[in-house]
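Results of the structural survey
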There are 2 protein chains.
Amino acid sequence: MFVQEKVISIAKPITEEAMTKLFCSTSPTKVAIADLGCSSGPNTLLVASELIKVVNKICDKLGSQLPEFQVFLNDLPGNDFNTIFRSLASFQKILRKQLGSASGAAGQCFFTGVPGSFYGRLFPRNSVHLFHSSYSLQWLSQVPDGLESNKGNIFMASTSPPCVLTAYYEQFQRDFSLFLKCRSEELVAEGRMVLTFLGRKSQDPSSKECCYIWELLATALNNMVSEGLIEEEKVNCFNIPQYTPSPAEIKSEVIKEGSFTIDHLEVSEVNWNAYQNGFKFNEAVDAFNDGGYNVANCMRAVAEPLLVSQFGEAIIDELFKRYREIVADRMSKEKTKFINVTVSLTKIG
Amino acid sequence: MFVQEKVISIAKPITEEAMTKLFCSTSPTKVAIADLGCSSGPNTLLVASELIKVVNKICDKLGSQLPEFQVFLNDLPGNDFNTIFRSLASFQKILRKQLGSASGAAGQCFFTGVPGSFYGRLFPRNSVHLFHSSYSLQWLSQVPDGLESNKGNIFMASTSPPCVLTAYYEQFQRDFSLFLKCRSEELVAEGRMVLTFLGRKSQDPSSKECCYIWELLATALNNMVSEGLIEEEKVNCFNIPQYTPSPAEIKSEVIKEGSFTIDHLEVSEVNWNAYQNGFKFNEAVDAFNDGGYNVANCMRAVAEPLLVSQFGEAIIDELFKRYREIVADRMSKEKTKFINVTVSLTKIG
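Along each chain, numbering runs from 1 in the same order as the chain's sequence is written. By the order in which they are written, chains take letters starting at A while ligands take numbers starting at 1. Note on the predicted model: pLDDT of at least 70 is required for a residue's local features to be given, and 80 or more for side-chain atom pairs to be given and counted; whole-chain, interface and lining totals, by contrast, use all residues. The basis for the side-chain values is all heavy atoms of the structure; hydrogens and waters are excluded.

1. Regarding the overall build of chain A
Stated formally: Secondary structure elements are taken from DSSP: a helix is a run of H or I of four residues or more, a strand is a run of E of two residues or more, and numbering for both begins at the N terminus. Atoms counted for the radius of gyration: C-alpha only. Globule rule: 2.2 Å times the number of residues to the power 0.38. Relative accessibility thresholds used throughout: buried, under 20% of the residue-type maximum; exposed, over 50%; partly exposed, between the two (1.4 Å probe, protein chains only).
When helices and strands are tallied, chain A shows 9 helices and 7 strands. For 349 residues, the compact-globule formula gives about 20 Å, and the C-alpha radius of gyration of chain A, at 21 Å, lands near that figure. With respect to the three principal axes, the spread of C-alpha positions in chain A is 65 × 50 × 35 Å. Classification of the 349 residues of chain A by burial places 54% in the buried group.

2. Structural notes on the interface of chain B and chain A
Quick reminder of the rule: Contact definition: two residues touch when any of their heavy atoms are within 4.5 Å. Joining two parts hides part of their accessible area as seen by a 1.4 Å probe, and the buried area is that hidden amount summed over both. The rule for a salt bridge is simple: a side-chain nitrogen of Lys or Arg has to be within 4 Å of a carboxyl oxygen of Asp or Glu.
Each partner contributes to the interface: chain B provides 27 residues, whereas chain A provides 27 residues. Between chain B and chain A, a total of about 2,200 Å² is buried, with carbon and sulfur atoms accounting for 54% of that surface. The largest share of the area that chain B buries against chain A comes from Phe85, Phe110 and Pro124 of chain B, three residues that together contribute 23% of it. Summed over the shared surface of chain B and chain A, the number is 4 salt bridges.

3. Remarks on the packing of helix H8 (residues 291-311) of chain A against helix H9 (residues 316-333) of chain A
Residues and elements named next belong to chain A. As a reminder, the rule being used: Throughout, an axis means a line fitted to C-alpha atoms (over the contacting stretch in the case of helices), and angles, computed between N-to-C directions, take values from 0 to 180 degrees. An angle below 35 degrees is read as roughly parallel, one above 145 as roughly antiparallel, one from 65 to 115 as roughly perpendicular, and any other as oblique. By the definition used in this description, the sense in which the near helix is turned from the far one sets the handedness, with an anticlockwise turn below a right angle giving left-handed and a clockwise turn giving right-handed. Here the nonpolar group is Ala, Val, Leu, Ile, Met, Phe, Trp, Tyr, Cys and Pro; Asp, Glu, Lys and Arg are the charged ones; every other residue, Gly included, is treated as polar.
Relative orientation of the contacting elements H8 and H9 amounts to 140°, with a least axis distance of 9 Å. As summarised for this structure, H8 and H9 are arranged oblique, according to the angle between their axes. Here H8 and H9 pass one another in a crossing that is right-handed. Taken together, the residues of H9 that come into contact with H8 (itself represented by Gly291, Gly292, Tyr293, Val295, Ala296, Met299, Arg300, Glu304, Leu307 and Val308) are Ile316, Asp317, Leu319, Phe320, Tyr323, Arg324, Val327, Ala328 and Met331. Taken together, the residues of the contact of H8 with H9 break down into 13 nonpolar, 2 polar and 4 charged.

4. A few points about the pattern of salt bridges
A full pass over the atoms with the stated rule returns 44 salt bridges over all chains. Of the charged contacts, one joins Asp317 of chain A and Arg300 of chain A as a salt bridge, the two residues approaching to 2.9 Å between their closest N and O atoms. Of this pair, Asp317 of chain A sits in helix H9 while Arg300 of chain A is found in helix H8, placing the two residues 17 residues apart along the sequence. What makes Asp317 of chain A exposed here is its relative accessible area of 54%. Here the salt bridges do not stand alone but share partners, grouping Glu68 of chain A together with Arg121, Arg125, Lys181, Arg183, Glu185 and Glu186 of chain B into one network.

5. Looking at the relation of the copies chain B and chain A
What counts here: The copies were overlaid with a least-squares fit restricted to C-alpha atoms from residues scoring a pLDDT of at least 70 in each copy.
With an RMSD of 0.0 Å, the operation that places chain B on chain A is a rotation of 180° combined with a shift of 0.0 Å along the axis. Both copies of the chain, as the preceding transformation shows, are related through a two-fold rotation axis. When each C-alpha of chain B is compared by its distance to the rotation axis, Gly113 of chain B comes out closest, at 2.4 Å. Both copies present the same face, since 100% of the interface residues in chain B are matched by interface residues at the equivalent positions in chain A.

6. Here we look at unusual backbone geometry
All names here are of chain A. In this structure, Ser27 takes a positive phi of about 35° despite not being glycine. Turning to its location among the elements, Ser27 is positioned in the loop between helix H1 (2-26) and strand S1 (30-36). For Ser27, a relative accessible area of 49% corresponds to the partly exposed category.

7. Some details on the packing of aromatic side chains
Residues and elements named next belong to chain A. Here is the rule: Pairs were defined over the aromatic rings of Phe, Tyr and Trp, the Trp ring being its six-membered one, requiring ring centres within 6.5 Å. Orientation was assigned from the angle between planes: stacked under 30 degrees, edge-to-face over 60, tilted for the rest.
Counting across every chain of the model gives 35 aromatic pairs over all chains. Centre to centre, the rings of Phe118 and Phe179 are 5.7 Å apart; their planes meet at 85°, and the pair counts as edge-to-face. Of the two residues, Phe118 is situated in the loop between strand S3 (109-115) and strand S4 (128-134) and Phe179 in helix H4 (residues 162-186); the sequence distance between them amounts to 61 residues. The burial state of Phe118 is the same as that of Phe179; both residues are buried.

8. Quick word on the confidence of the model for chain A
Low-pLDDT portions of the prediction should not be read for the details of their coordinates. All names here are of chain A. Put simply, the rule reads: Values of pLDDT, ranging from 0 to 100, describe the predictor's confidence in every residue of the model.
The predicted model of chain A has a mean per-residue pLDDT of 89, with 93% of residues at 70 or higher. Averaged pLDDT values for the elements of chain A fall to 84 in helix H3 (residues 81-103) and rise to 98 in helix H7 (residues 247-257). Taken as a whole, residues 276-288 scores under 50 in pLDDT and shows 19 contacts with residues more than four places along the chain or in a different chain. As a predicted assembly, this complex carries a pTM of 0.90 together with an ipTM value of 0.89.

9. Considerations on the state of the cysteines
Two cysteines form a disulfide when their sulfur atoms are joined by a covalent bond. Convention followed: Cysteine sulfurs are considered disulfide-paired once they come within 2.5 Å of each other.
Applying the stated rule across the entire model yields 0 disulfides over all chains. Of all cysteine sulfurs in the structure, the one in Cys59 of chain A sits closest to Cys109 of chain A, which takes part in no disulfide; the separation is 13 Å. The cysteine Cys182 of chain B is free of any disulfide, with Cys109 of chain A supplying the nearest cysteine sulfur at 16 Å.

10. Quick word on the environment of Cys298 of chain A
Residue and element names in this part refer to chain A. Take Cys298: it is sitting in helix H8. The exposure class assigned to Cys298 is partly exposed, which follows from its relative accessible area of 22%. For the pair formed by Cys298 and Val188, sequence separation is 110 residues and the distance between their alpha carbons is 36 Å.

11. Some details on the packing of helix H5 (residues 208-226) of chain B against helix H8 (residues 291-311) of chain B
Residue and element names in this part refer to chain B. Their axes nearest at 12 Å, the elements H5 and H8 cross at an angle of 55°. The angle between H5 and H8 places the two elements in the oblique class. Relative to H8, the crossing made by H5 is right-handed. On H8, the residues touching Ile213, Trp214, Leu217 and Leu221 of H5 are Val295, Met299, Val302, Ala303, Leu307 and Phe311. Of the residues in the contact of H5 with H8, the class split is 10 nonpolar, no polar and no charged.

12. As for the side chain of Asn74 of chain A
Residues and elements named next belong to chain A. Relative to the helices and strands, Asn74 is located in strand S2 (residues 68-75). For Asn74, a relative accessible area of 0% translates into the label buried. Those residues in contact with Asn74 that lie beyond four places of it in its chain are Asp35, Leu36, Gly37, Cys38, Phe81, Val114, Pro115, Gly116, Phe118 and Leu122.

13. Looking at H5 of chain B
All names here are of chain B. The test is simple: One fitted axis covers the seven residues ending at a residue, a second covers the seven starting there, and the bend at that residue is the angle between these axes. Two N or O atoms count as a polar contact when they lie within 3.5 Å, although within protein this holds only if one can serve as hydrogen donor and the other as acceptor, and sequence-adjacent residues are included solely when both atoms are side-chain atoms.
The axis of H5 is deflected most strongly, by about 25°, at Trp214. Considered for burial, the residues of H5 that qualify are Cys210, Cys211, Tyr212, Ile213, Trp214, Leu216, Leu217, Ala218, Ala220, Leu221, Met224 and Val225. On its buried face, H5 is in contact with strand S5 (187-199), helix H6 (232-236), H8, helix H9 (316-333) and strand S7 (337-347). A distance of 3.2 Å separates the backbone nitrogen of Glu209 from a side-chain oxygen at the start of H5, and that oxygen is part of Ser207. Just downstream of H5 lies Gly228, where phi reads positive at about 75°.

14. Describing the pairing of S2 of chain A
Taken residue by residue, a regular strand's side chains alternate between the two faces of the sheet. Residues and elements named next belong to chain A. Counted only if it meets this: In this description, strands pair whenever DSSP reports at least two bridges between them. The handedness rule is simple: strands pointing away from the viewer, and a clockwise path from the first strand over the helix to the second, make the crossover right-handed.
The buried count for S2 comes to 8 of 8 residues, which makes it a mostly enclosed element. By the alternation rule, side chains of S2 split into Glu68, Gln70, Phe72 and Asn74 and Phe69, Val71, Leu73 and Asp75, which are all buried. For S1 and S2, the ladder comprises 7 bridges, and the chain directions are parallel. Considered in S2, the bridge of Ala34 is made with Phe72. Between S1 and its parallel partner S2, the chain crosses via helix H2 (residues 46-62), and the hand of that crossover is right-handed.

Pasting the structure below:
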């Protein structure tokens, strides 16, 4: 949660710039914004409110009338949209208050939920002004085929054979290219996207900076294998459907696909335990201010459904207890970071 | 459920005509349809699929390309959108198959959920082509003020004082007028609406044809009061926030509000137990083909949340047991019907 909030805040100036340019070049009377992979937590509505505030500021400056907003919140159909929808009334009340005091009159803002995979079309043609996505696009549409030789690993790792790295990379290429094609169809002319990936700086896709966090989870799993708590075969055929691209790989796909120009491509870092960045420190959660606990919990939120479907519910608590200890140990000895790649794109006329 | 399916089927030719006219006059490349008060049952996606099939048929006839559909499913934020969203994949698969065989190529269809009250704005200006609503608009935005003298009743009844009938009617006028205003802002030029109300034919709002089903529920409640199972005061201050308008009342509000012309205004009847109409008879539910059971269940689905918040969970089973018996007895002795009013409207340029 904290890592994600931090990531949204890092991408904020880029998103603001994209929105400002979009607004100044097209002055729409209604603005359709879509957040892809919105999830259903405290950050779900954060992006939308930031974007609405930006437009409010622009309109204030220009003395122009506020547009109406339609905010599309997208995630897979299994996402808990009910919880988002039930929190909207109080969210909108707060937003209206914040906007009201800044600009005198708040624009209308309409929220809708869009269930479905962003590796396919989600909206009609020419209907969206701005796509935003934070920490979702590193997820692949599926576990790549051809990972049989990735035994003992659950992701790309330093011990993965080259064919495994290739299989992952090719899946990323297919997925991201399809993503770009779908979004370019859905965007209006001069529409924009701001996408933040969990990524890497290194040219090597099995580099420690992106794979370490999964390697430590593999360590916990393999410990449990050696104690007979998990079947070895189950770990051997389990792989995380994720790819953490480098800026160069993202750039290369955008150019190849051909629908977008790149306005910005930035790399940033967030400590595994985002508290260490001095961001969003909350006294009330001081008791939980334990790096291992935070990171293990964050990873659990992300990986639990995958792990449960492969290994069953029963091993999960024990697995994350071990993972937490391993992570805490590593964090006390090394500076551990997530690498983010944020790219801002404009649809080519 | 069966009553609602029957009602949708009665309104179908009117909806088809509205869609055909809309399509022929504007030939949109993308069509935005909204179903207001979609609920989350087996009929939720029925309307959307019927409308899409109509457009497919038109395009087949004209040899023109299929538009893309954006279907907005609206209901209050407490509605179970998760269940709708999780059923979409299989629904779309079936729909694609049905359309594919009819027209060779199926248009894209994108579903979104819109949480909120239709007695307020839900969509940006000029963004929706067709609104549909079935059996939702008889619900008022609130219980009218000024019903203190409606003691022993839970709705308008033959024994209600005139001020009660006035309070109900004025609430309907305010609500429906606001509804028309909001929808006219949201519709595109020449946009259309097909609305089906639970209504009445009589000029008298306390007429048996619309109030009887609630009077029988009041009877069940009052029986329990007389046995000391429910406090009398709780029944005295409980009222159902519903108004079942006559065609003349609907017409009068539409003319007064001024944004729409009326294309059709039709009255139809459905037996309380829709099985009796020979519609959707399913052998498997033969055991439940008991009028009292069906109607009581249908009314329970509708009224339970209101009853629970006033009387608590504990009395509900007993209440509906009694209600079922009362309803079954009446149905065996009289021909009991729901009256529907369907109105088809076009936004004035």
